[in-house]
Amino acid sequence: MCLSLRDKSLFRQQAFIGGNWVDADSGRHVPVYNPATNDVLGQMPWMGAAETRRAIECAEQALVGWKKIIAKDRATILRRWCNLILEHKEDLAQIMTAEQGKPLSESRGEITSSAGYIEWFAEEAKRTYGETIPAANKDQQLLTIRQPIGVVAAITPWNFPAQMIARKCSPALAAGCTVVIKPAPQTPYSALALAALAQEAGIPDGVLNIVTGKAGEIGDEMTANPAVRKLSFTGSTVVGKVLMEKCALTVKQVSMELGGNAPFIVFDDANLDLAVRHVMASKFRNSGQTCVCANRIMVQKGVYDEFASKLAVAVNKIQVGPGNEADVTLGPLIDDRAIDKVDGLVKDALDKGAKALVGGAPLDIGELFYKPTVLTGVTQNMQVFHKEIFGPVAPLYCFEDEDEAIALANSTRYGLAAYFFSRDVGRVWRVSEALEYGMVGANSGTLSSEATPFGGIKESGIGREGGKYGIQEFLEIKYINMGLEE
Ligand code: ADP
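Below is a summary of the structure that appears in this document. Nothing here was measured: the structure is a model prediction, and the numbers come from that model.

1. Points about the overall build of the protein
Along the protein, the regular secondary structure elements total 13 helices and 20 strands. A compact globule built from 486 residues would reach a C-alpha radius of gyration of about 23 Å, and the protein, at 23 Å, matches this within 12%. Seen through its C-alpha atoms, the protein measures out along the principal axes to roughly 75 × 60 × 40 Å. Relative to its 486 residues, the protein shows a buried fraction of 57%. Surface exposure of the protein reaches about 19400 Å², of which carbon and sulfur atoms provide 51%. Charge-centre separation for the protein: the mean point of 50 positive side chains lies 2 Å from the mean point of 57 negative side chains.

2. Thoughts on the site of the ligand
Close to the ligand lie 16 residues; Thr156, Trp158, Lys182, Ala215 and Ser236 are nearest. Tryptophan 158 has a polar side-chain atom sitting 3.2 Å from an oxygen atom of the ligand. One of the side-chain nitrogen or oxygen atoms of serine 236 is found 2.7 Å away from an oxygen atom of the ligand. Expressed as a share of its isolated accessible area of 550 Å², the protein-covered part of the ligand is 79%. Of all the secondary structure elements, the ones that give two or more residues to the shell around the ligand are α7 (215–224), β10 (228–234) and α8 (237–248). Here the residues of the shell around the ligand are counted per class, giving nine nonpolar, five polar and two charged.

3. Considerations on the side chain of threonine 237
Along the chain, threonine 237 turns up in helix α8. Given the relative accessible area of 8%, threonine 237 is considered buried. A distance of 3.1 Å separates a polar atom in the side chain of threonine 237 from the backbone nitrogen of glycine 259. Ignoring sequence-local partners within four residues, the contact set of threonine 237 consists of Leu258, Gly259, Tyr414 and Glu459.

4. Re the sheet that holds strand β5 (residues 131–133)
If you walk across this open sheet you meet the three strands as β5-β6-β20, and the pairing is antiparallel. Across the chains shown, the open sheet's two edge strands, defined by having one partner strand only, are β5 and β20 (475–483). Across the sheet, the mean angle from the axis of one strand to that of its neighbour is 25 degrees, orientation sign disregarded. When β5 meets strand β6 (residues 140–148), the two strands line up antiparallel, connected through three bridges. Pairing of threonine 132 across the sheet is with leucine 143, part of β6.

5. As for the side chain of threonine 52
Tracing the sequence through the fold places threonine 52 in helix α1 (residues 49–66). Separated by 2.7 Å, the side chain of threonine 52 and the backbone oxygen of glycine 48 make a polar contact. Setting aside residues up to four positions removed in sequence, threonine 52 forms contacts with Val211, Ile218, Glu221 and Met222.

6. Some points on the pairing of strand β8 (residues 178–182)
Within β8, five of the five residues are buried, which leaves the element mostly enclosed by the surrounding structure. Residues Thr178, Val180 and Lys182 point to one face of β8 and Val179 and Ile181 to the other, with burial holding for every one of them. When strand β7 (residues 151–155) meets β8, the two strands line up parallel, connected through five bridges. Across the sheet, the residue bridging to valine 151 is threonine 178, located in β8. Handedness of the crossover joining β7 and β8 through helix α5 (residues 163–175): right-handed. Two strands pair when backbone bridges link them, and β8 and strand β9 (residues 208–210) are joined in this way by three bridges, in the parallel orientation.

7. Considering the pairing of β7
With respect to burial, β7 is a largely interior element, five of its five residues being buried. Side chains of β7 alternate between two faces, with Val151, Ala153 and Ile155 and Val152 and Ala154 buried alike. Strand direction decides the pairing type here: β7 and β10, joined by five bridges, are parallel. Across the sheet, alanine 154 pairs through a bridge with serine 232, a residue of β10.

8. Concerning the environment of glycine 461
Position of glycine 461 relative to the elements: it lies in strand β19 (residues 461–462). By relative accessible area, which is 11% here, glycine 461 ends up buried. Each C-alpha atom of the pair glycine 461 and phenylalanine 233 lies 9.4 Å from the other, and the pair is 228 residues apart in sequence. In this structure glycine 461 touches Met256, Leu258 and Gly456, once residues within four positions along its chain are discounted.

9. Details of the sheet that holds strand β12 (residues 262–266)
Strand order across the open sheet formed by seven strands is β14-β15-β16-β13-β12-β17-β18, with mixed pairing between neighbours. Each end of this open sheet is capped by a strand with a single partner; those strands are β14 (355–358) and β18 (439–442). Direction aside, neighbouring strands of the sheet carry axes that sit 25 degrees apart on average. With four bridges connecting them, strand β15 (residues 373–378) and strand β16 (residues 393–399) associate as parallel partners.

10. A word on helix α6 (residues 188–201)
Its 14 residues give α6 an end-to-end C-alpha distance of 20 Å, which sits within 8% of 20 Å, the value for a rise of 1.5 Å per residue. For α6, the tally of buried residues reaches twelve of 14 residues, placing the bulk of the element in the interior. By the burial criterion, the buried members of α6 are Pro188, Tyr189, Ser190, Ala191, Leu192, Ala193, Leu194, Ala195, Ala196, Leu197, Ala198 and Ala201. In the stretch just after α6, glycine 202 is the one whose phi turns positive, near 100 degrees.

11. Regarding the nonpolar core
Membership of the largest hydrophobic core comes to 61 residues, with the highest contact counts inside it found for Trp81, Ile85, Leu173, Ile203 and Leu208. A per-element tally of this core places α6 first, with ten residues. Apart from residues no more than four positions distant in its own chain, isoleucine 85 is found in contact with Leu92, Ile111, Ala115, Ile118, Leu194 and Leu197. Ala270, Val303, Phe369 and Tyr419 belong to the second-largest nonpolar core, a separate cluster that totals 39 residues.

12. Structural notes on the environment of glycine 445
Note that glycine 445 resides in the loop between β18 and β19. Looking at glycine 445, the relative accessible area reads 5%, which means it is buried. Taking the C-alpha atoms as reference, glycine 445 lies 9.6 Å from valine 276; in sequence the two are 169 residues apart. Look past the residues within four positions of glycine 445 in its chain and what remains in contact with it is Phe264, His278, Ser282, Tyr419 and Phe421.

Conventions used here
- Residues numbered from 1 in each chain as written.
- Predicted model: local features only at pLDDT ≥ 70, side-chain atom pairs only at ≥ 80, totals over all residues.
- Heavy atoms only, no water.
- Helix = DSSP H or I, 4+ residues; strand = E, 2+ residues; numbered from the N terminus.
- Rg over C-alpha atoms; globule rule 2.2 N^0.38 Å.
- Buried < 20%, exposed > 50% of the residue type's maximum accessible area, 1.4 Å probe, protein only.
- Areas by Shrake-Rupley, 256 points an atom, 1.4 Å probe, with all protein chains shown as cover.
- Lys, Arg positive; Asp, Glu negative; His and termini not counted.
- Charge placed at Lys NZ, Arg CZ, Asp CG, Glu CD.
- Near = heavy atom within 4 Å.
- Polar contact = N/O pair within 3.5 Å; in protein donor to acceptor, adjacent residues only side chain to side chain.
- Nonpolar A, V, L, I, M, F, W, Y, C, P; charged D, E, K, R; others polar.
- Contact = heavy atoms within 4.5 Å.
- Pairing = 2+ DSSP bridges.
- Axes fitted to C-alpha atoms, helices over the stretch in contact; angles between N-to-C directions.
- Right-handed = clockwise from strand over helix to strand, strands pointing away.
- Expected span 1.5 Å × (residues − 1).
- Core = buried A, V, L, I, M, F, W, Y, C linked by side-chain atoms within 4.5 Å.

Structure, rendered in structure tokens:
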């Protein structure tokens, strides 16, 4: 292990099933790499269907006791988990940067926000209210209660290795569900470190399980096993659709956080400095590898050139390098598939007449680094306008008027996040309403927080994480009609 952690027990290379740290039945491991250096960080058990089935059985057994614990006590345990995560923030950030590549400051921010989700849902555990319904007859009392769905399977991506787990697990656990998690193969160690702290916090054995290994086999077991009543997935739309189809066979509930193609619209009347500041945060955070990253930057004709120059100045200040080095603000991409995709999109745009105002090619300081890039003269026939870029590339498209901007913004199968900048109060409301997206930033380039509902419409997903809505995804409504004696 090439990490210097204060608490070395947080770096786990075994999966976590039924409260035990375990290897694959076959004994097989696969390596996990540091994307900044290509060094092997450690090994990960290569598990499949049998281990997943066992984890689901453990979760099923643990459900019996966990759902009976009163909400206030479940909240106390979750709160302990949150506190431990904050106490170990530095180690958790080091692990995340090593396996994921993002700058340490971003990793620290993600750990804080992960703890924030757990704190929020610890509190929400106590507010899973039912209701009484006025009855039409005197001899009836009508009411609803909310009960945990049951065993939850969670499949998470590599771009937010801790927050995605916190967002899914803490509402599930708060609701009284138990979970089996499959983290992304690129970033298992953040998940396993969180599990170690969950165990220390007193989350009972079997309530939270982590299985690592063969995505297809693990996913097949999770979706086919009738004991799993809910699948919560964050990842690509392609995989999300496959999983939904598989869940149909046992009529599981699903929450899906899928891909995006976020428009970022800058109107003539915008505060350009503010828009530049926010597009920097929205576009270049996590090297552009988030589903809510500004993907299509549309700038109105009257301010196009000025906006492009201001953006170029800001982008030129980005410090690219390994995420654990001081002052670095942009790390590597996750793997060579990501580099190839981003470079392919840029080459296609340049071939079709776009200009690279900044960057436009890989950066020669390692295999997975890409120059922060600003493309001007982007048109609709370029792939970069339609595909989710997932890289540090800002394509600038020029538009004439509001109607065109809205029509273009909505002309996609995705509907996750959209942003726009304008100082006209009428337009702010009009455009907010017209954008067909689950989340809109009006003069804001950031959206995610534990207090608000995160999620998309159209092919960007189903369901919401965060806010008062997040816990409802893990609760069933039961209607009770109580007949009363005369
Ligand atoms: P990306 O291409 O960004 O890695 P994916 O949708 O492929 O996005 O991955 C998101 C998560 O889904 C990861 O944990 C990955 O291992 C998992 N995954 C990929 N394919 C499958 C599958 N067929 N069944 C279950 N999980 C899968």
